[in-house]
Amino acid sequence: MDYKKAGVDIEAGYKSVELMKEHVKKTMRKEVLGGIGGFSGAFSMDAFKNMEHPTLVSGTDGVGTKLKLAFLLDKHDTVGIDCVAMCVNDIACAGGEPLFFLDYIACGKNYPEKIATIVSGVAEGCLQSGAALIGGETAEMPGFYPEDEYDLAGFAVGVVDQKDLITGADIKAGDVLVGIASSGVHSNGFSLVRSVFSMDQETLNTYHEELGKTLGEALIAPTKIYVKTMKSIKEAGVTVKGCSHITGGGFYENVPRMLPEGAHAVIRKDSYEVPAIFRMLAREGQIEEHMMYNTFNMGIGLVLAVDAADVEKTMEAVKAAGETPYVIGEIREGEKGVTVC
């Protein structure tokens with residue numbers, strides 16, 4: 001008996017590392033010390049010594065049951081973007097610049113080419129966010145995961161000068177809410193999605209005129225990364241008072257997280273067009289409207305609170321970053337919370 005006969009192929013692990021190196025290399029920043037393959041990743045902080053109070057911000061998350069869709073479609077090159085997005089968008093919400101990222105892949109069997117494809121998506125997400133992929137782990141766990149399945153999670157660290165932290169503390173009545181469009185369902189609510197639609201090849205590969213693509217293509221679309229958009233807004237001279245990443249829990253859970261006591265957010269549903277994938281979900285699943293807004297992003301991936309005088313500059317900065325903004329509501333005095341009307 002040996003380790004390979006027990007289900008763990010060390011040689012496959014070595015091959016995976018070799019295959020992923022070309023993708024990892026693309027994400028390197030000048031602050032990265034050493035190369036991939038060490039026991040830890042090293043990152044120099046010299047570039048941030050001029051900040052008054054350099055503050056580290058971090059985020060960790062996974063892709064969730066959206067991975068089930070990747071298994072069915074045998075498409076593994078974009079879920080890594082989702083993994084990075086879920087972590088770095090949270091850092092961007094605090095006003096931070098993502099510095100580096102580490103991934104964790106657990107699988108039933110290590111297929112080197114598949115692992116490298118997954119990591120190529122992680123690397124793409126890092127490129128989109130400016131983070132270096134400085135390390136990770138691939139754990140082959142026979143008997144724990146089916147051979148053709150895996151889990152994917154990650155961890156990111158960023159930096160922000162303490163004075164530039166976005167905390168929501170200064171939000172007040174009269175401030176305006178700007179929403180930035182999502183690319184679709186992103187990486188939350190897929191347990192409900194998988195209950196609404198039959199998860200089989202025929203259903204997923206069926207083209208729908210209202211979507212302009214197959215159902216599978218609409219659902220697997222990777223999560224938007226908003227790091228460069230937030231940087232564009234900051235460079236435009238706008239002070240973002242509050243920022244919510246609309247993930248699991250939709251509007252009702254996430255928007256209040258940026259609000260101080262005494263501030264109530266009002267979001268108008270008719271301020272933008274809800275994407276077709278959400279209308280289809282609601283129709284096919286007979287999901288009532290409140291549950292939709294309490295589960296999904298409904299077409300808005302990020303909600304910003306800005307001073308009314310800064311709305312136009314914010315909108316222009318978002319457009320300059322290649323994203324689509326909407327004025328979706330305002331802040332009023334009242335109990336901390338959100339009304340979607």
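Computed from a prediction, not measured in an experiment: that's the story for all the values here.

## Focus: the pattern of salt bridges
This model, assessed by the stated rule, comprises 26 salt bridges. Lysine 30 serves as the salt-bridge partner of glutamate 31, at 3.7 Å between the closest nitrogen and oxygen. Since its relative accessible area comes to 6%, glutamate 31 is described here as buried. You can call lysine 30 exposed: its relative accessible area is 73%.

## Let's talk about helix 12 (residues 311–320)
For the α-helix, the turn length of 3.6 residues means that residues three or four positions removed from each other point alike. For helix 12, the set of buried residues is Val311, Thr314, Met315, Ala317 and Val318. Relative to the axis of helix 12, the buried residues are bounded by an arc of 165° and lie together on one face. Along helix 12, exposed side chains directed more than 90 degrees from the buried face belong to Glu312 and Ala320. One or two steps after helix 12, the chain reaches glycine 322, where phi turns positive at roughly 90°.

## A look at the packing of helix 8 (residues 227–235) against helix 12
In the contact formed by helix 8 and helix 12, the axes pass within 8 Å of each other and the chain directions differ by 140°. Comparing the axis directions of helix 8 and helix 12 gives the class oblique. Regarding helix 8 and helix 12, the two cross each other, and that crossing is right-handed. Only Thr314, Ala317, Val318 and Ala320 of helix 12 make contact with helix 8, whose side of the interface consists of Thr229, Ser232 and Ile233. Looking at the contact of helix 8 with helix 12 residue by residue, the classes come out as four nonpolar, three polar and no charged.

## Observations concerning the UniProt feature "domain: PurM-like N-terminal" (unreviewed entry) in the protein chain
Taking the UniProt record as the reference, the feature "domain: PurM-like N-terminal" (unreviewed entry) is found at residues 55–160. Helix makes up 39% of residues 55–160 and strand 37%, and the two end C-alpha atoms of the span are 5 Å apart.

## Section: the sheet that holds strand 3 (residues 54–62)
Within the open sheet, the four strands sit side by side as 3-6-4-5. Their pairing is mixed. Across the chains shown, the open sheet's two edge strands, defined by having one partner strand only, are strand 3 and strand 5 (132–140). Across this sheet, the average inter-strand angle for adjacent strands is 15°, counted without regard to direction. Of the strands in this sheet, strand 4 (97–107), strand 5 and strand 6 (150–161) are in contact with helix 4 (residues 112–129), which crosses strand 4 at around 165°.

## A few points about the sheet that holds strand 12 (residues 300–306)
Across the sheet, which stays open at both edges, the six strands sit in the order 10-12-7-13-11-14 with mixed pairing between neighbours. Lying at the two open borders of the sheet, with one neighbouring strand each, are strand 10 (242–245) and strand 14 (337–340). In this sheet, neighbouring strand axes are inclined to one another by 25° on average, regardless of whether the strands run parallel or antiparallel. Bridge analysis of strand 7 (residues 176–181) against strand 13 (residues 325–333) gives five bridges, and the strand direction is antiparallel. The partner of valine 178 across the bridge, within strand 13, is valine 327. Sheet contacts for helix 3 (residues 79–93): strand 10 and strand 12; angle to strand 10, the most-contacted strand, approximately 170°.

## Section: the environment of phenylalanine 43
Here phenylalanine 43 shows up in strand 2 (residues 42–43). Separated by 56 residues in sequence, phenylalanine 43 and leucine 99 place their C-alpha atoms 8.5 Å apart. With sequence-adjacent residues up to four places away left out, phenylalanine 43 is seen in contact with Arg29, Glu31, Val32, Phe48, Leu99 and Phe100.

## Structural notes on the packing of aromatic side chains
Using the criterion set out here, one finds six aromatic pairs in the structure. With a centroid separation of 5.2 Å and an interplanar angle of 45°, the aromatic rings of phenylalanine 43 and phenylalanine 100 are classed as tilted. Linking phenylalanine 43 in strand 2 with phenylalanine 100 in strand 4, this pair joins segments that are 57 residues apart in sequence. By the burial criterion, phenylalanine 43 is buried, and phenylalanine 100 matches it. On the basis of an interplanar angle of 75° and a centroid distance of 5.0 Å, the ring pair of phenylalanine 71 and tyrosine 150 is categorised as edge-to-face. Pair noted here: phenylalanine 71 is in helix 2 (residues 66–73) and tyrosine 150 is in strand 6, with a separation of 79 residues, a long-range link. As far as the burial class goes, phenylalanine 71 and tyrosine 150 line up, both buried. A cation sits over an aromatic face here: lysine 109 above tyrosine 111, 5.8 Å from the ring centre.

## Details of the environment of valine 159
Following the sequence through the fold, valine 159 ends up in strand 6. On the basis of relative accessibility, which here comes to 2%, the residue valine 159 falls in the buried class. For the pair valine 159 and glycine 96, spaced 63 residues apart in sequence, the C-alpha separation works out to 5.1 Å. Residue contacts for valine 159: discarding those within four places in its chain leaves Met45, Phe48, Met51, Pro54, Thr55, Leu56, Val57, Gly96, Glu97 and Leu99.

## A few points about the UniProt feature "domain: PurM-like C-terminal" (unreviewed entry) in the protein chain
The sites that UniProt annotates as "domain: PurM-like C-terminal" (unreviewed entry) are residues 172–338. Note that residues 172–338 is 34% helix and 22% strand, and that its end C-alpha atoms are spaced 14 Å apart.

## Considerations on the nonpolar core
The tendency in soluble globular proteins is for nonpolar side chains to be buried as a group. Ranked by internal contacts, the top residues of the largest apolar core, which has 91 residues, are Leu219 and Phe251. Sorting elements by how many residues they give to this core places helix 3 first, with ten residues. Setting aside anything within four residues of it in sequence, one finds phenylalanine 251 in contact with Ile246, Pro256, Ile267, Tyr272, Tyr293, Phe296, Asn297, Met298, Ile300, Val303, Val338 and Val340. Residues Phe43, Leu99, Phe100 and Val157 belong to the second largest nonpolar core, which totals nine residues.

Reading the values: the criteria
- Positions within a chain are numbered from 1, following the residues in the order the chain's sequence is written.
- Only residues with pLDDT of at least 70 get local features here, since the model is predicted, and only at 80 or more are side-chain atom pairs given and counted; chain-wide, interface and lining totals rely on the full set of residues.
- Side-chain metrics rest on all non-hydrogen atoms present in the structure, leaving aside hydrogens and water.
- Salt bridges are defined by distance alone: a side-chain nitrogen of Lys or Arg within 4 Å of a carboxyl oxygen of Asp or Glu.
- Buried means the residue's accessible area, taken with a 1.4 Å probe over protein chains only, is under 20% of the maximum for its type, while exposed means over 50%, and partly exposed covers the values in between.
- Put simply, DSSP H or I for four residues or longer makes a helix, DSSP E for two residues or longer makes a strand, and each gets a number counted from the N terminus.
- Read the arc as the range of directions from the helix axis to the C-beta atoms.
- Angles here are taken between N-to-C directions and fall from 0 to 180 degrees, while the axes themselves are lines fitted to C-alpha atoms, restricted in helices to the stretch in contact.
- Angular relationships are summarised with four words: roughly parallel below 35 degrees, roughly antiparallel beyond 145, roughly perpendicular across 65 to 115, and oblique for the angles in between.
- Crossing handedness: left-handed means the near helix sits turned counterclockwise from the far one by under a right angle, and right-handed means the same turn made clockwise.
- Contact between two residues is taken to exist if any of their heavy atoms lie within 4.5 Å; hydrogens are not considered.
- Only Asp, Glu, Lys and Arg are considered charged in this grouping, and only Ala, Val, Leu, Ile, Met, Phe, Trp, Tyr, Cys and Pro are considered nonpolar; every other residue, Gly among them, is considered polar.
- UniProt positions are given in the numbering used here, feature names are shortened, and annotations may be inferred rather than shown by experiment.
- When DSSP locates at least two bridges between a pair of strands, those strands are taken to pair.
- Pairs were defined over the aromatic rings of Phe, Tyr and Trp, the Trp ring being its six-membered one, requiring ring centres within 6.5 Å. Orientation was assigned from the angle between planes: stacked under 30 degrees, edge-to-face over 60, tilted for the rest.
- Two limits define a charge over a ring: the Lys NZ or Arg CZ must be within 6 Å of the ring centre, and within 35 degrees of the ring normal.
- Note on terminology: a nonpolar core comprises buried Ala, Val, Leu, Ile, Met, Phe, Trp, Tyr and Cys residues joined through side-chain atoms within 4.5 Å.

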